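Residues per chain are reported as follows:
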Amino acid sequence: MEAILSDPAGAVIGLDFDGTLSPIVPDPAKAVIHPKAPEVLADLGAHVLAVAIVTGRPAATALELGPGLADVPGLVVLGHYGFERWEGGRISAPPPPPGVPRAEAELPLLLDSLGLDGVTVEDKGRAVAVHTRRSPDPEGALAKLREPLAKLAEKHDLVIEPGRMVLELRPPGMDKGHALSLFLAERAARSVMFAGDDLGDLAAFDAVRDSGLPGVTVCSGSAEVTALAERADIVVDGPEGVVALLAELATAFTRP
């Protein structure tokens, strides 16, 4: 924190989206960014080297669910764990992998054969997510899905990304840690902060630790996931706590 405060022009502020900037909700399509986050990030963006949102969602979806984000100075959104990039109003990405739609086509039959109620499928373009949050027994449904989804992922050359009441099938070769590491090197960062809430953010925590830079990891705490809190330098109370911490940081930059 001292390095970030003393040299904000060299700092990268990395952030997950769901559960970090946006509260977790039963229907992912109805998630919305914390109302104060865009303004706070704009304040930060005026001082730091870069603000980067690193998310499993498509970059365009994060921007749709975060009105005002596109106006944050220097914002970069690394979507699909870094396979996709939004910057300056443009999205760049390689072609989507063929295994994702093939796996998605097999999911209805698989879910029907398991007799699971309330389990929903989210098409994320370059990934497909299976949510159990709306099931009568979310944890039980998740446990029942792990093995058959792992087999389906292997069949189509995909990997499983576990999360909060969700299992996501996505292409291998990129994660939030790799995406963050590449971005830090690209920008020649001199310090880094990363805030996340879920198991997929552990790779980004590792990237902060392995970067060789002064770094700080922040956990957006919840009762559902404790692994991040055990590894974080700072634990705050959900998105509300994340935004409050970022606001404090932005205010510190303007103090004489």
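All residue numbers here refer to positions counted from 1 along the written sequence of the relevant chain. It should be noted that, the model being predicted, local features are given only for residues of pLDDT at least 70 and side-chain atom pairs only at 80 or more, the latter also being counted only at that level, while totals for whole chains, interfaces and linings use all residues. The basis for every side-chain value is the complete set of non-hydrogen atoms in the structure, without hydrogens or water.

Participant: Is there a simple way to explain the domain arrangement of the protein chain in this structure?
Facilitator: Interfaces are often sized by the amount of accessible area the parts lose when they come together. Residue ranges for the domains trace back to a domain assignment, done automatically or taken from a database. Domain boundaries in the protein chain define domain 1 (1-93 + 173-254) and domain 2 (98-170). Centre-to-centre separation of domain 1 and domain 2, based on C-alpha positions: 26 Å. Here a residue-residue contact requires only that any non-hydrogen atoms of the pair lie within 4.5 Å. Counting residues at the interface gives 23 residues for domain 1 and 15 residues for domain 2. The term buried area means the drop in 1.4 Å probe accessible area that two parts suffer when joined, counted for both and summed. Interface area lost by domain 1 to domain 2 is led by His80, Tyr81 and Glu224, which between them contribute 30%. Put simply, a salt bridge is a Lys or Arg side-chain nitrogen that is within 4 Å of an Asp or Glu carboxyl oxygen. There are 5 salt bridges connecting domain 1 and domain 2. A salt bridge links Glu84 to Arg126; the shortest N-O distance between them is 3.9 Å. Polar contacts, as used here, are pairs of N or O atoms within 3.5 Å; protein pairs need one atom able to donate a hydrogen and one able to accept it. Residues neighboring in sequence count only if both atoms are side-chain atoms. Linking domain 1 to domain 2 there are 7 residue pairs in polar contact (both at pLDDT 80 or more). Its residues assigned to classes, the side of domain 1 that touches domain 2 comprises 11 nonpolar, 5 polar and 7 charged. Under the convention adopted here, Pro, Cys and the residues Ala, Val, Leu, Ile, Met, Phe, Trp and Tyr are nonpolar, Asp, Glu, Lys and Arg are charged, and Gly plus all remaining residues are polar.

Participant: Got a minute to help me understand the sheet that holds strand S10 (residues 191-196) in this structure?
Facilitator: Through backbone hydrogen bonds, the strands of a sheet pair up, either in parallel or in antiparallel fashion. Ordered by their spatial adjacency, 8 strands build an open sheet running S5-S4-S3-S2-S1-S10-S11-S12, and the pairing between neighbours is mixed. Across the chains shown, the open sheet's two edge strands, defined by having one partner strand only, are strand S5 (90-92) and strand S12 (234-236). Here the average twist between neighbouring strands, direction ignored, is 20°. Of the pairings in the sheet, the one linking strand S1 (residues 11-15) to S10 comprises 5 bridges and is parallel in character. Along S10, the bridge assignment pairs Leu15 with Ala195. Between N-to-C directions, angles span 0 to 180 degrees; the directions come from axes that are lines fitted to C-alpha atoms, helices contributing only their stretch in contact. The helix count covers DSSP runs of H or I at least four residues long, the strand count covers runs of E at least two residues long, and both are numbered beginning at the N terminus. Lying over the sheet, helix H6 (residues 176-187) contacts S1, strand S2 (50-54), strand S3 (76-79), strand S4 (84-87) and S10, oriented at roughly 160° with respect to S2. Each of S1, S10, strand S11 (215-220) and S12 is contacted by helix H9 (residues 238-254), which is oriented at about 120° to S12, the strand it contacts most. Paired strands, as defined in this entry, are two strands with at least two bridges between them according to DSSP.

Participant: Got a minute to help me understand the packing of aromatic side chains in this structure?
Facilitator: Within a pair of aromatic rings, the relevant descriptors are the distance that separates the centres and the angle that separates the planes. For Phe, Tyr and Trp, rings pair up if their centres lie within 6.5 Å, where Trp contributes its six-membered ring, and each pair is then called stacked (planes under 30 degrees apart), edge-to-face (over 60) or tilted (otherwise). Counting across every chain of the model gives 1 aromatic pair. Ring centres of Phe194 and Phe205 lie 6.5 Å apart, and the angle between their planes is 80°; this geometry places the pair in the edge-to-face category. Residue Phe194 is located in strand S10, and its partner Phe205 is located in helix H7 (residues 202-210); the two are separated by 11 residues in the primary sequence. This pair shows no difference in class: Phe194 is buried, exactly as Phe205 is. Buried residues are those whose accessible area, probed at 1.4 Å on protein chains only, stays under 20% of the maximum for their type, while exposed residues exceed 50% and partly exposed ones sit between those limits.

Participant: Which parts of the structure should I look at to understand the side chain of Glu84?
Facilitator: Secondary-structure assignment places Glu84 in strand S4. Note on Glu84: relative accessible area 10%, which makes it buried. Not counting the four nearest positions on each side in its chain, Glu84 is found in contact with Pro58, Ala59, Ala60, Val77, Leu78, Gly79, Ile91, Ser92, Ala93 and Arg126.

Participant: Is there a simple way to explain the packing of helix H4 (residues 99-114) against helix H5 (residues 138-155) in this structure?
Facilitator: For any two helices packed against each other, one specifies the crossing angle of their axes together with the interaxial distance. Remark: H4 packs on H5, axes separated minimally by 11 Å, with the N-to-C direction vectors making an angle of 150°. One finds that H4 runs roughly antiparallel with respect to H5. Relative to H5, the crossing made by H4 is right-handed. Listed contacts from H5 to Ala103, Glu106, Leu107, Leu110, Leu111 and Leu114 of H4 are Lys144, Leu145, Pro148, Leu149, Leu152 and Lys155. Residues of the contact of H4 with H5, tallied by class, amount to 9 nonpolar, no polar and 3 charged. Roughly parallel refers to an angle under 35 degrees, roughly antiparallel to one over 145, roughly perpendicular to one between 65 and 115, and oblique to any angle outside these ranges. Left-handed describes a crossing whose near helix is turned anticlockwise from the far helix through less than a right angle; right-handed describes the clockwise counterpart.

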